[in-house]
Structures are given as C-alpha cells and as structure tokens.
Amino acid sequence: MYEDFASKLAATMWADFDVTPDRDGSTAGVEITDLSTRVIDGNFPWTLVTVETDDGTVGVGEAYPSPGVHEIITDYLRPVLVGENPTDVERLYNLMRASLSGRGSQQGVGTIAISGVEIALWDATGKLLDLPVYQLLGGKMRDSVRVYADCHGGDAMVSSAEEGQTEETYRPEAYAAAARSAVDDGFDIVKFDLDVPASHDGDRKARHLETAEVEHKRRLVEAVTDEVGTEAEVAVDLHWNFSPEAAEALCRAIAPYDVAWVEDPLPPENTDALAELGRRVDLPLLTGENRYGRHGFRDLIEDEAVAFLAPDVPKTGGIAETKKIADFAETHYRTLVLHNIGSPVATVASVHVGAVVPNFLALEYHAREVSWWDDLVAGDDLIDDGRIEVPDGPGLGIELDWGVVDEHER
C-alpha cells in the first residue's frame, strides 16, 4: 500500500524533480535497484542504510538512531528512488524531501531517514566515479581530523564493583581516571557529562541546581583539569537539563577551569535564551545536535548565539547539508564541532565533512566502551592518537566487515 502511494506521489506531487539528465559519462544509465536497512546493537542502535545499483555497486550510509527510520526508508523512500541514477545526489535529496513533505522532511525522523540515504548515495557515487567523497565536495583542507573522546559520566573506567548510577560512580576520582585513560590513548580533547546525580539531588523538573549540586559539579571539573593539565582540553555536556539561572550559576562556578565548551546548557528550542546566557558567562557554548538542516541553524548562526555548532551528519540532512551549515557558519566565524554517536560509517561520513570545511575543530567519538567498534571496518583501526586520517578510497573509503555486522545485528 505504502509503495503504491509513494509511486503515485512520485508521478504527480514532485514531478519537477523527476528528470533524467543527458549523460555521456561512465555512470550514464546506472539505476538504483534497492534501498534497505540493518540495525547493529552498539552502544546505540546503529542503523545502516544500503543503496544498491544495477551494476552491483553498493553504497553504505547510516541514519541516526530513531524509531520509524526503517519504515520510512523502505516504504516511502525506496519506491521514490528505485530507477533513479544514484549520482544525482543533490537532486535526489530534494526529491526525498518533497516526497516526505508534511511527514518530517523539514525536521525529525523523516529528515533522519533522508540523511542516512543521502550518505549512502555519496558512497555509491564515489564508488561509481572512483573518487573519495571529499573530492566530490571540492577537495580536502586537512589530511586528518581531530577526534575528541566522550567520557560520559566517568563511570566507564570504574571497576565493575563500583559501576551503576550511584553517588560513588560520579565522584571526582572516577572522572579523573577516565580522563587520564583517554589522554593516554592520544585524545587531546575530552568531554564529560555534568548533568549527573549528586549526593543531594534537587528537583530536576524545575531545572534548578542547588548550591551543593553546583559544588559537586565544580569538583568534577576540577579533578579532570587537575589530572590532564595542558595535555588536553576539557569540555562538559549538560544535555539541555537546566534553566538559565542554573546554567549561569554552574558556568560561573567552572569558569576558572577554562573548559573548551559547555554543551547544551538549556533546552534546545529557545535561541534567544541561549544567546542571553552566552552574553552573561565567560565560557564558550555549543549546541546543534537537535537542529535540522541549514534552515534549523539559521537563527543560531545569525544571532551568534553560540561559539560552536554541533550538527550531526546522519541526522541533520546528510553530508552536503552539513557542509552548507558549515559554509553559512563561516560567514559569522562560527566553528563546527560535529556531534557523533554512530558506528564507523557515520563517523567516516563526518570525517569527509570535517576534511573539506575550514571552520572545523573536532569530531565526537562516543564508543570507547564498544570493544568491537573498529572490527566493523576492514583494515587498521580508524582512530590513531586522537586523529582519523581522511580515507582516500572511493566513496567513504571504508569497507564494512559484513560478518561482524551479522554478529551484532539486532
């Protein structure tokens, strides 16, 4: 039923996008034959997206973990794209958006599904043209990208007897130990969650922090910065949990430690409140993982509400859309710190974006506790001394080990 519905829409609602350009190149006549998804049980449900063509090329992408992504891709986007030339990436991106008009193509799960397919289209295009994605985007400005380690609540490095969501887990010593482990692995930016329970936890529904809670979080930051000194920058994440007054009190308490940024201090909907907080504190603010496309970043950039922007490539619209966000941000001298909780596929897609834009600082790595993360990709480990070398192979430049995918598939 859904396939018939989508096919009828393809013939009417967005007919202006349904064109077949004249081609003389080697990709003339190549057609998409199938779209599919597979979910891997990582520390998040990593949703892999594959685009298959009639010449045997398989492009691989990844969509941000979200309910409904599989159904949108297979029931709505598949009938729209089958028969299309995969190298028409920008046209097909707009075609997908038009096909989901009113169904999340501006933001939300529809955009997430489109993002995963768009990444797979770039991978397929690069393979068909025998060029890396970064070359298709205009060429790389750096040979490797900087990666920062998300150390969560510091508990990943606590012994098993001490694990769990308890007061003991979130002690300064655990944060310091996790920071030391990440720095010893070569990371020169480490990030920690500060929205963690303290011994005297207040009423979180009011988004308020009592004095004792502020002091607990100050001690966590102090322990990490004392441990790493000048070996690494230290960032903190608040996950949208606090009010302006609470976030301001916390920022003032940790200001002496010169943290690299404070991530998502306020709920994501109100840019004015975020900009006002930025004017009142002496620490750089970062946000963006809950924004979609360049239109969703417009007010953040034009109002210069934050120092750092954190779009998530397999969520905000894909590779080209993230580059457009970066280009727009560059006009206001804003810097990208890409959000990433994905598998090596999402990570390498983000690497290609980070390679081609000048205003890129670092890419998040969120899976240090997943021992088989690197096993998903054939060849050497991706991350070396806190950097990922930009792949020179066609497309994304990586090949998945499908046996490992099978082993961890849901």
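Every value quoted in this text rests on a predicted model; they were computed, and no experiment measured them.

Participant: Can you help me understand the overall build of the protein chain in this one?
Facilitator: A tally of regular secondary structure across the protein chain gives 14 helices and 13 strands. In the protein chain, which comprises 410 residues, the share counted as buried stands at 57%. Looking at the protein chain alone, contacts between residues at least 24 apart form 72% of all its contacts between residues at least 6 apart. Put simply, the protein chain shows about 16,500 Å² of open surface, and 45% of that area lies on carbon and sulfur atoms.

Participant: Please clarify how the nonpolar core should be interpreted in this entry.
Facilitator: One broad rule of soluble globular proteins: the nonpolar side chains tend to lie buried together. Residues Leu-77, Leu-81, Val-117, Ile-254, Val-262, Ile-319 and Leu-396 are the most contacted members of the largest nonpolar core, which totals 118 residues. The dominant element in this core, judged by the number of residues it contributes, is helix H4 (residues 109–129), at 8 residues. Ignoring anything within four residues of it in the chain, the contact list for Val-262 reads Val-236, Leu-238, Cys-251, Ile-254, Leu-283, Pro-284, Leu-285 and Leu-286. By size, the runner-up hydrophobic cluster in this structure holds 10 residues, among which are Ile-189, Ala-260, Phe-308 and Ala-362.

Participant: Help me out: how do you make sense of the packing of helix H10 (residues 293–302) against helix H12 (residues 319–330) in this one?
Facilitator: Axes are the key here: two packed helices are described by the angle between their axes and the distance separating the axes. With their axes 9 Å apart at the nearest point, H10 and H12 run at an angle of 20° to one another. The pairing of H10 with H12 is recorded here as roughly parallel in orientation. Between H10 and H12 the crossing geometry is right-handed. Along its contact with H10, which presents Gly-293, Arg-294, Phe-297, Arg-298, Ile-301 and Glu-302, the element H12 presents Glu-321, Lys-324, Ile-325, Phe-328 and Ala-329.

Basis of the calculations
- Residues numbered from 1 in each chain as written.
- Predicted model: local features only at pLDDT ≥ 70, side-chain atom pairs only at ≥ 80, totals over all residues.
- Heavy atoms only, no water.
- Helix = DSSP H or I, 4+ residues; strand = E, 2+ residues; numbered from the N terminus.
- Buried < 20%, exposed > 50% of the residue type's maximum accessible area, 1.4 Å probe, protein only.
- Contact = heavy atoms within 4.5 Å.
- Areas by Shrake-Rupley, 256 points an atom, 1.4 Å probe, with all protein chains shown as cover.
- Core = buried A, V, L, I, M, F, W, Y, C linked by side-chain atoms within 4.5 Å.
- Axes fitted to C-alpha atoms, helices over the stretch in contact; angles between N-to-C directions.
- Parallel < 35°, antiparallel > 145°, perpendicular 65-115°, else oblique.
- Left-handed = near helix turned anticlockwise from the far one by under 90°.

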